[in-house]
Amino acid sequence: MLEFIALVAFVLALAAFLGGRRTADRLDAEIESLKAEIARLATQAPEEVVPDPAASAPTEAEAATVPEVGEEAVQGPWSQAREGAQIFGSAPAGAETGSESPVVATAEPAAARSAESLESRIGGRWPVWVGGLALALGGFFLVQYSIEAGLLSPAVRLTLAAVFGLVLGAAGEVIRRRAVPTISDRFRNAMIPGVLTAAGAVTLFGVVYAAHGIYGYIGTAPAFALLALISLATVGMSLLHGQALAGLGLLASLLTPLFVSSGEPRPWVLFAFLSVAWLATLAASRLRRWTIVPTLANAGLGLWGLAYIALAAPFEAPPVAAALLVMVVGVGLIWPGGVERASGATAETIASPAAARGPWETLFTPPHAAISLSAAIVAALLALLFISPAVEAARFPIAEFVVVTAGLAGIGALRATAAYPALLASLAAVVGTWTLTALSGVLAYLDPTLASPEIVVPGRAAMLTAMVLAALFLLLASAVLSRLAEHRQFAILWAGIAAVVPGTLIGMSFLMTGNFAFDLPHGLSAFAGGLFLLGLVEWLSRRNAEGRELDLAIGLLALGSLGLFVIGLHAWTDGLVTTLAIAFLGAGYTFATRLRTWPVLPWVTVAAAIVVLARIAWEPTIVGPGSLGTTPVFNALLPGYGIPALLLVGCAYFLRASADLRLRNLLQALASLFVLLTLAILVRHAMNGGVLDSSVPSLGEQAIYTLLAIGASGIFMTLDGRSPSPVFRYGGMVLGVLSMLSVLSAHLVGLNPYFSGELLGRIPFFDLLFIGYLLPAIGYAGLAWYARDRRPQPYVVALAVSGAVLAFAWATLSVRRFWQGESVADWKGFLQGETYTYSVVWLVLGVLLLVVGSRFNTKSIRIASAVLVFIAVLKVFLVDMSNLEGFLRALSFIGLGGVLIGIGLFYQRILSSSGNGAADPPAAVSTATDNMGEGASRA
């Protein structure tokens, strides 16, 4: 029944086509008359043509059916084929040479397209595809019926099926040649000729497979050749019938190795055939400027490579690598490699304002980006699989990995639109080098429980691979910058690659396989790469002397040179020498501004300072705990911290007249931070007996963090004042708040020596209390004074109160140290002299705060003074009265009374000399004096 339905569908489709010939002839005659009218109007003078709006306005029915009047409008690709336009013969020059983009005019006006009914969409397209599927199934069911009924022999059945497939292909070609132009242009996505050709190709493909796989009439080699011929012929016919037929031919090509297999796998034959099929698909796509089919071809080739590597044990890498190189070179040279020339537009013209595209959008989303992106993903992924320990290769394919990565990087450097291949080649190089160096035994060294891979790469081989890839990227970057420097975005991209990838490769190789004591090869390669990048910077700066278009590229290259120099210094030096060498290297970039006007040079100094900070964070002792002396101040910490600080101070002073305010402020901030850090670390070292051990938290360590936060907050405030920025403003305030929270949680409670029992140190005053309380108190007081009129009042008050609280804690704990010694733990109790001293010190401190608050007219400090005096009063009446005896009790109350009277007189003086008090008449002053005397007599 299904066979009969399929046959009836085919007959009806053919009858419908033949029955429409008369309509087609009539439309052709109308088109020819319209062409003649256009030619006549073109020869007339403009003033002779007087259009009649009423006569020229088409009716609603005409607007829906009549195509636009114009030579290009009525000649779509199908009408050109009907009139004898040959693809390789009389095609336009642009399509033949790739110098111009072919213009495909729409055969319908916009109104007709928008007014197309649902009936037109469904009735004009879906029956065609369903009919083609029915024809293919009809041929299959017809063969199945003949088999079940035993009507014909297998040879006859296969012959009839082959004839049926050829007839379908021939019918498609005949109908294509006689196709109506308007129908062809309007329904080019559902053309009957292409569907018939596709059905014929499927039938022939099934015939060959049945002859080989079911009946065994033909051997493996003839079957493979026939299937390949059918699939390639289908791809070739797609030039006439469209992209859908090309996709069918591609699918047949990818399925051919599955249908025809032999007992012995032959990877060279497999990937050679896949490469040929891929090239045929790409060539057809290049001629017709298709994008979907070549992207699917890349994915298909990648899936075959993935399946072979995963299933074959061991697999052979050379045939896969050869196929990947064919794909990479084809994408770079055939399609879409020459898209910028074929379209008559370069990356610069594409990025023009008229195109309404951003510069980086032009770089990362060029025309047909899916083709190059998919090819780059496939090449990078399979290249990494070559050297993956998860698969088994016949031999460790380092050479194939390097060749494929180099090919991908070369294509990325060849085309200005190949941004994705360039980036994925960089990623593959970095990940692959990490894989090689990890296999060299470092992971097993770090964790002996890890199982070592079966194939261990020698460290020398991994090192050479990293160096070769690093040199390759440096050379490709120089080629891009010398050839395509006018493409600013592409030049910046490759400058970034040259700045990051070589340093990363050499750095990983040194960390994984190098000799940390002294490594000559890694040091030489790093210094050579750094000098090479500086040479590129010099060349680009001379070439770009009149403009600033490549300043970013120059800056990236200069930063990359610093990274390579830092790796070289680590390879050849160690400890204190490395830290000082990096500091001098960074300062040298700033002082080089006398010789070169590169804007990036001082920023390289900033980057070097960050590297020094990272080294200090990694090893605060600079030379290691075992080599650090115990002599206070004069030890390795002084040059290790002090010399970088002095160099930064010198750089900031050297650039004090720089026009770049942000750079100037940043250098000043870094210099201040290093100076503060030097002082803090020297005090920390001195008060801990020459030992810097952060494994156990201590008050001194927390104090360093607090001091750094205070200093950074002040630095940010300075930067914000000179170069306003939300980052500086809110970043500094966040640091200040965090440091105040640390004071409340750590200094006063968690790490307080009174609770923890930590010893304060042998040296009085310069002890743990000095760095843990007094220095932060001074820092908060200075920060609060500096923050006046620069930060919100609540923030300033919080800073001042934090300083007062820390000063109070320092004074209190200092009293306890005076009476109890180095240990001020709570279990030791209190002495009577100690209890009395607290009252005296608190009152003195309250008076000092009152003086400071009055001197600087700071209400928050005066309030803190009042709170402290109130605490002292409570302490005298509640504690001293019960604990002190005899002379000390009396002296405590006498002192308290004297201080309170002095404070009262002080406040009266302040009030009388301020605002309203200064304007009081003498009578008022005398009255106040009398009242004060009367109150004193009552007391």
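Bear in mind that the values here come from a model prediction, so they are computed numbers and not experimental data. (Residues numbered from 1 in each chain as written. Predicted model: local features only at pLDDT ≥ 70, side-chain atom pairs only at ≥ 80, totals over all residues. Heavy atoms only, no water.)

A.B. asks: Please set out the overall build of the protein chain residue by residue, giving values where relevant.
C.D. replies: Looking only at helices and strands, the protein chain has 40 helices and zero strands in total. Of all 939 residues assigned to the protein chain, the portion counted as buried reaches 45%. The long-range fraction of contacts in the protein chain, counting pairs at least 24 apart against all pairs at least 6 apart in sequence, stands at 74%. (Helix = DSSP H or I, 4+ residues; strand = E, 2+ residues; numbered from the N terminus. Buried < 20%, exposed > 50% of the residue type's maximum accessible area, 1.4 Å probe, protein only. Contact = heavy atoms within 4.5 Å.)

A.B. asks: Give me the lowdown on the environment of Gln 489, citing residues and values where you can.
C.D. replies: Residue position: Gln 489 is located in helix H25 (residues 488–513). Looking at Gln 489, the relative accessible area reads 15%, which means it is buried. Placed 63 residues apart in sequence, Gln 489 and Leu 552 show a C-alpha to C-alpha distance of 9.7 Å.

A.B. asks: Explain a nonpolar patch on the surface to me, using residue names and the numbers behind them.
C.D. replies: Nonpolar side chains collect at one region of the surface, where Leu 279, Val 329, Leu 333, Ile 334 and Leu 414 lie side by side and expose about 350 Å² of accessible area between them. By the element assignment, Leu 414 lies in helix H22 (residues 398–414). (Patch = residues over 30% accessible without salt bridge, like charges linked within 9 Å, V, L, I, M, F, W, Y side chains within 5 Å. Areas by Shrake-Rupley, 256 points an atom, 1.4 Å probe, with all protein chains shown as cover. Salt bridge = Lys/Arg side-chain N within 4 Å of Asp/Glu carboxyl O.)

A.B. asks: Lay out helix H28 (residues 576–591) in plain terms, naming residues and giving numbers.
C.D. replies: For H28, spanning 16 residues, the distance from its first C-alpha to its last is 22 Å, which sits close to the expected 22 Å at 1.5 Å a residue. Among all positions in H28, only Thr 578, Thr 579, Leu 580, Ile 582, Ala 583, Gly 586, Ala 587, Tyr 589 and Thr 590 are buried. Where H28 is buried, its residues meet helix H26 (520–543), helix H27 (551–572), helix H29 (601–618) and helix H30 (637–654). (Expected span 1.5 Å × (residues − 1).)

A.B. asks: So what about the nonpolar core? Which residues, and what values?
C.D. replies: Residues Phe 386, Trp 494 and Leu 557 are the most contacted members of the largest nonpolar core, which totals 191 residues. When residues of this core are assigned to their parent elements, the largest contribution, 12 residues, is made by H25. Among residues more than four places away in sequence, those in contact with Phe 386 are Ile 309, Phe 315, Ala 317, Val 320, Ala 321, Leu 324, Pro 397, Glu 400, Phe 401 and Val 404. Judged by nonpolar contacts, the second largest core, of five residues, contains Ala 669, Ile 715, Leu 719 and Phe 728. (Core = buried A, V, L, I, M, F, W, Y, C linked by side-chain atoms within 4.5 Å.)

A.B. asks: Could you give an account of the side chain of Arg 415, with specific residues and numbers?
C.D. replies: With respect to the helices, strands and loops of the structure, Arg 415 is situated in the loop between H22 and helix H23 (419–446). Given the relative accessible area of 9%, Arg 415 is considered buried. A distance of 2.8 Å separates a polar atom in the side chain of Arg 415 from the backbone oxygen of Gly 332. (Polar contact = N/O pair within 3.5 Å; in protein donor to acceptor, adjacent residues only side chain to side chain.)

A.B. asks: Describe unusual backbone geometry, naming the residues involved and giving the relevant values.
C.D. replies: Cis geometry is adopted by the peptide bond preceding Pro 314, which originates at Ala 313 and carries an omega value of -5 degrees. Following Trp 335, the chain continues into Pro 336 via a peptide bond in cis, with omega recorded as 5 degrees. Within the element layout of this structure, Pro 336 appears in the loop between helix H17 (317–333) and helix H18 (339–342). Here Ile 622, not a glycine, exhibits a phi torsion of approximately 70 degrees, which is positive. With respect to the helices and strands, the residue Ile 622 is situated in the loop between H29 and H30. We classify Ile 622 as buried; its relative accessible area is 5%.

A.B. asks: Quick rundown of the packing of aromatic side chains? Include the residues and the values.
C.D. replies: Applying the stated criterion across every chain yields a total of 18 aromatic pairs. Seen from their ring centres, Phe 527 and Phe 565 are 5.9 Å apart, and the 35 degrees between their planes marks the pair as tilted. Remark: Phe 565 occurs in helix H27 and Phe 527 occurs in helix H26; sequence separation between them is 38 residues. For the pair Phe 527 and Phe 565, a shared accessibility class is recorded, and that class is buried. Plain terms: the ring middles of Phe 818 and Trp 819 are 5.6 Å apart, the flat faces sit at 85 degrees to each other, and that makes the pair edge-to-face. A residue is classified by how much of its surface remains accessible, and Trp 819, at 34% relative accessible area, is partly exposed. One residue, Arg 790, lies across the ring of Tyr 786, its end atom 4.2 Å from the ring centre. (Phe/Tyr/Trp six-rings, centres within 6.5 Å; stacked < 30°, edge-to-face > 60°. Lys NZ or Arg CZ within 6 Å of the ring centre and 35° of its normal.)

A.B. asks: Tell me about the packing of H22 against helix H24 (residues 459–483), and name the residues and values.
C.D. replies: It is at 10 Å that the axes of H22 and H24 come closest, and there the two elements cross at 15 degrees. Classified by the interaxial angle, the pair formed by H22 and H24 is roughly parallel. As H22 runs across H24, the sense of the crossing is right-handed. Here H22 contributes Ile 398, Phe 401, Val 402, Thr 405, Ala 406, Ala 409, Gly 410, Ala 413 and Leu 414 to the contact with H24, which in turn contributes Ala 461, Thr 465, Val 468, Leu 469, Leu 472, Phe 473, Leu 476, Val 480 and Arg 483. Of the residues that constitute the contact of H22 with H24, the class distribution is 14 nonpolar, three polar and one charged. (Axes fitted to C-alpha atoms, helices over the stretch in contact; angles between N-to-C directions. Parallel < 35°, antiparallel > 145°, perpendicular 65-115°, else oblique. Left-handed = near helix turned anticlockwise from the far one by under 90°. Nonpolar A, V, L, I, M, F, W, Y, C, P; charged D, E, K, R; others polar.)

A.B. asks: Can you explain the confidence of the model for the protein chain? Please cite residues and give values.
C.D. replies: When pLDDT is averaged along the protein chain, the result is 76, and 69% of the positions lie at 70 or above. Per-element averaging of pLDDT across the protein chain places helix H5 (residues 71–74) at the bottom with 36 and H28 at the top with 96. Between residues 1–21, whose pLDDT stays under 50, and residues either more than four places distant or in other chains, the model counts 14 contacts. A low-confidence stretch, residues 182–190 (pLDDT under 50), is modelled with 30 contacts involving residues beyond four sequence positions or located in other chains. (pLDDT = per-residue confidence, 0-100.)

A.B. asks: Please give an account of the pattern of salt bridges that cites residues and values.
C.D. replies: As enumerated under the stated definition, the model contains five salt bridges in all. Glu 538 is the salt-bridge partner of Arg 542, the closest N and O atoms lying 2.5 Å from each other. Highlighted residues: Arg 542 and Glu 538, both in helix H26, separated by four residues, approximately one helical turn. Residue Glu 538 is classed as buried on the basis of its relative accessible area, which comes to 17%. Connected through salt bridges with shared partners, the residues Glu 538, Arg 542 and Arg 596 form a single ionic network.

A.B. asks: Tell me about empty space enclosed by the protein, and name the residues and values.
C.D. replies: Gaps between atoms show up when a probe of the same size as a water molecule is rolled over them. Summed over all chains, the structure comprises six cavities of 30 Å³ or more. Size it by volume and the largest cavity reaches roughly 90 Å³. As for the largest cavity, its lining consists of 14 residues, and the residues nearest its centre are Pro 336, Gly 337, Ser 372, Thr 417 and Ala 418. Among the elements of the structure, H17 and helix H21 (369–386) are those that each provide at least two residues to the lining of the largest cavity. A class-by-class count of the residues in the lining of the largest cavity yields eight nonpolar, five polar and one charged. Mapped onto the lining of the second largest cavity, the elements with two or more residues apiece are H28, H29 and H30. Residues that form the lining of the second largest cavity fall into these classes: 10 nonpolar, two polar and no charged. (1 Å grid on protein atoms, 1.4 Å probe; cavity = no way out; pocket = protein on both sides within 12 Å on 5 of 7 lines; lining within 4 Å. Points joined across faces, edges and corners; volume = space filled by probe spheres on them.)

A.B. asks: Which residues make up the environment of Val 852, and what are the values?
C.D. replies: Turning to its location among the elements, Val 852 is positioned in helix H37 (residues 832–855). Each C-alpha atom of the pair Val 852 and Arg 862 lies 8.0 Å from the other, and the pair is 10 residues apart in sequence.

A.B. asks: Quick rundown of the side chain of Thr 295? Include the residues and the values.
C.D. replies: Looking at the secondary structure, you find Thr 295 in helix H16 (residues 292–311). A polar atom in the side chain of Thr 295 sits 2.7 Å from the backbone oxygen of Thr 291. Setting aside its immediate chain neighbours within four residues, Thr 295 contacts Ala 370, Ile 371 and Ser 374.

A.B. asks: Break down the packing of H25 against H26 for me, citing the residues and quoting the values.
C.D. replies: At a minimum axis distance of 10 Å, the contact between H25 and H26 shows a crossing angle of 170 degrees. Classified by the interaxial angle, the pair formed by H25 and H26 is roughly antiparallel. When H25 is examined against H26, the residues Ala 498, Ile 506, Ser 509, Phe 510 and Thr 513 are found in contact with a partner set consisting of His 522, Ser 525, Ala 526 and Leu 533.

A.B. asks: Residue-level account of the environment of Val 402, with values.
C.D. replies: You can see Val 402 is positioned in helix H22. Leaving out residues up to four positions away in the same chain, Val 402 has contacts with Thr 465, Val 468 and Leu 469.

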